[in-house]
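Here is how the chains run, residue by residue.
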Amino acid sequence: LRQKQTPDEVKLGMEYREKDSFGNTALAPACSKVECGEYSCPAPFELKTDGTCCGYCWAPDHLVAADRHRVVEYNATGFVIEQCDDAPSTCKGPGANVVRCFKPSCR
């Protein structure tokens, strides 16, 4: 049995339909409703617009080094401290993704 849709459900279905009654696409282009702000890319970055709605600033790795973060052994720096008792339970583990707290090393 097919349930009768409310007018709001019909309107929603029409808004997100894939094809109209003639088989033509009813889908808007992906970026048609995206409004891009004004921005500029500082040197050595350049604006790239390959397949994106608004573009992005890009520079090759040999001009701008990427941050290649590496995981270190527990307390390899000597700055690890115990978590405070008020820390959210999601920070306390279990597992490999337990949050580590560090004492500040300001100079």
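Cut-offs and rules
- Residues numbered from 1 in each chain as written.
- Predicted model: local features only at pLDDT ≥ 70, side-chain atom pairs only at ≥ 80, totals over all residues.
- Heavy atoms only, no water.
- Helix = DSSP H or I, 4+ residues; strand = E, 2+ residues; numbered from the N terminus.
- Buried < 20%, exposed > 50% of the residue type's maximum accessible area, 1.4 Å probe, protein only.
- Contact = heavy atoms within 4.5 Å.
- Areas by Shrake-Rupley, 256 points an atom, 1.4 Å probe, with all protein chains shown as cover.
- pLDDT = per-residue confidence, 0-100.
- Phe/Tyr/Trp six-rings, centres within 6.5 Å; stacked < 30°, edge-to-face > 60°.
- Lys NZ or Arg CZ within 6 Å of the ring centre and 35° of its normal.

1. A word on the overall build of the chain
Here comes step 1: Counting its secondary structure elements, the chain contains one helix and four strands.
Here comes step 2: Put simply, the chain runs from its N terminus to its C terminus through helices and strands in the order α-β-β-β-β.
Here comes step 3: Looking at the 107 residues of the chain, the share that counts as buried comes to 5%.
Here comes step 4: Residue pairs in contact within the chain that sit at least 24 positions apart in sequence constitute 10% of those at least 6 positions apart.
Here comes step 5: Carbon together with sulfur atoms contributes 53% to the accessible area of the chain, which is approximately 10,200 Å² in total.

2. With respect to unusual backbone geometry
Here comes step 1: Going from Ala 43 to Pro 44, the amide bond is cis rather than trans, its omega being 10 degrees.
Here comes step 2: Inspection of the secondary structure puts Pro 44 in the loop between helix 1 (7-15) and strand 1 (46-48).

3. Considerations on the confidence of the model for the chain
Here comes step 1: Here the chain averages 79 in pLDDT, while 87% of its residues score no lower than 70.
Here comes step 2: Within the chain, the element-level pLDDT minimum falls on helix 1, averaging 73, and the maximum on strand 1, averaging 93.

4. Considering the environment of Pro 42
Here comes step 1: On the secondary structure map, Pro 42 appears in the loop between helix 1 and strand 1.
Here comes step 2: Residues Pro 42 and Cys 57 lie 15 residues apart in sequence; the distance between their C-alpha atoms is 8.3 Å.

5. A closer look at the packing of aromatic side chains
Here comes step 1: Taken as a whole, this structure holds zero aromatic pairs when the rule is applied.
Here comes step 2: Above the face of the Trp 58 ring, Lys 48 is positioned so that its terminal group lies 4.5 Å from the ring centre.

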